[in-house]
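Survey of secondary and tertiary structure
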Amino acid sequence: MKFSVEKKEQYTIFSLNEENLNSLLAPLLKSEFIILRNEGQHNLIFDLSEVKFVDSSGLSAILTATRLWKDFGSFVITG
């Protein structure tokens, strides 16, 4: 999975550099979200500007992130 993480003082930007967010990538993405949450990244911006297709597994990964950040900080989807 190709991605970049840019950590700022107030927030972190996670950019997925793939065209498809599907069942092959979803488990890896969930793992990355858990790692960022455990590192204490309170405000996450998830950049999907390069993504053209998301299947149900990809949507599940995104929903996992919303649950992880629900009472912890903020989770924003962009792109």
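This text gives an overview of the structure that appears in the document. Here the structure is a predicted model, which means the values were calculated and not measured.

1. Remarks on the overall build of the protein
- In terms of regular secondary structure, the protein is built from two helices and six strands.
- Reading the helices (α) and strands (β) of the protein from amino to carboxyl end gives β-β-β-α-β-β-α-β.
- The C-alpha radius of gyration of the protein comes to 11 Å, within 12% of the 12 Å expected for a compact globule of 79 residues.
- For the protein, the spread of C-alpha atoms along the three principal axes comes to 30 × 20 × 15 Å.
- For the protein, the proportion of its 79 residues judged to be buried stands at 32%.

2. Side note on the pairing of strand S2 (residues 12-16)
- In terms of burial, S2 is largely enclosed, as four of its five residues are buried.
- Direction of pairing for strand S1 (residues 3-7) relative to S2: antiparallel, over a ladder of five bridges. Considered in S2, the bridge of Val-5 is made with Phe-14.
- A loop of four residues connects S1 with S2, the two strands running antiparallel in sequence.

3. Digging into the environment of Leu-29
- Topologically, Leu-29 is positioned in helix H1 (residues 26-38).
- Taking the C-alpha atoms as reference points, Leu-29 and Thr-64, 35 residues apart in sequence, are found 9.7 Å from one another.
- Other than its neighbours up to four places away in sequence, Leu-29 contacts Met-1, Phe-14, Leu-21, Phe-46 and Ala-61.

4. Quick notes on the packing of aromatic side chains
- Enumeration according to the criterion identifies eight aromatic pairs in this entry.
- Considering the side-chain rings of Phe-14 and Phe-33, the 5.8 Å spacing of their centres and the 55° angle between planes classify their relative orientation as tilted. Pair noted here: Phe-14 is in strand S2 and Phe-33 is in helix H1, with a separation of 19 residues, a long-range link.
- For Phe-14, a relative accessible area of 0% puts it in the buried group.
- Overall, the relative accessible area of 0% leaves Phe-33 in the buried class.
- Taken together, the ring pairs in this structure connect Phe-3, Phe-14, Phe-33, Phe-46, Trp-69 and Phe-75 into an aromatic cluster.

5. So, the pattern of salt bridges
- Considering all chains together, one arrives at three salt bridges under this definition.
- Residue Glu-39 pairs with Lys-7 through a salt bridge whose shortest N-O separation is 2.9 Å. Here Glu-39, found in the loop between H1 and strand S4 (43-47), pairs with Lys-7, found in strand S1; they are 32 residues apart in sequence, far enough to count as distant.

Calculation notes
Residues numbered from 1 in each chain as written. Predicted model: local features only at pLDDT ≥ 70, side-chain atom pairs only at ≥ 80, totals over all residues. Heavy atoms only, no water. Helix = DSSP H or I, 4+ residues; strand = E, 2+ residues; numbered from the N terminus. Rg over C-alpha atoms; globule rule 2.2 N^0.38 Å. Buried < 20%, exposed > 50% of the residue type's maximum accessible area, 1.4 Å probe, protein only. Pairing = 2+ DSSP bridges. Contact = heavy atoms within 4.5 Å. Phe/Tyr/Trp six-rings, centres within 6.5 Å; stacked < 30°, edge-to-face > 60°. Salt bridge = Lys/Arg side-chain N within 4 Å of Asp/Glu carboxyl O.

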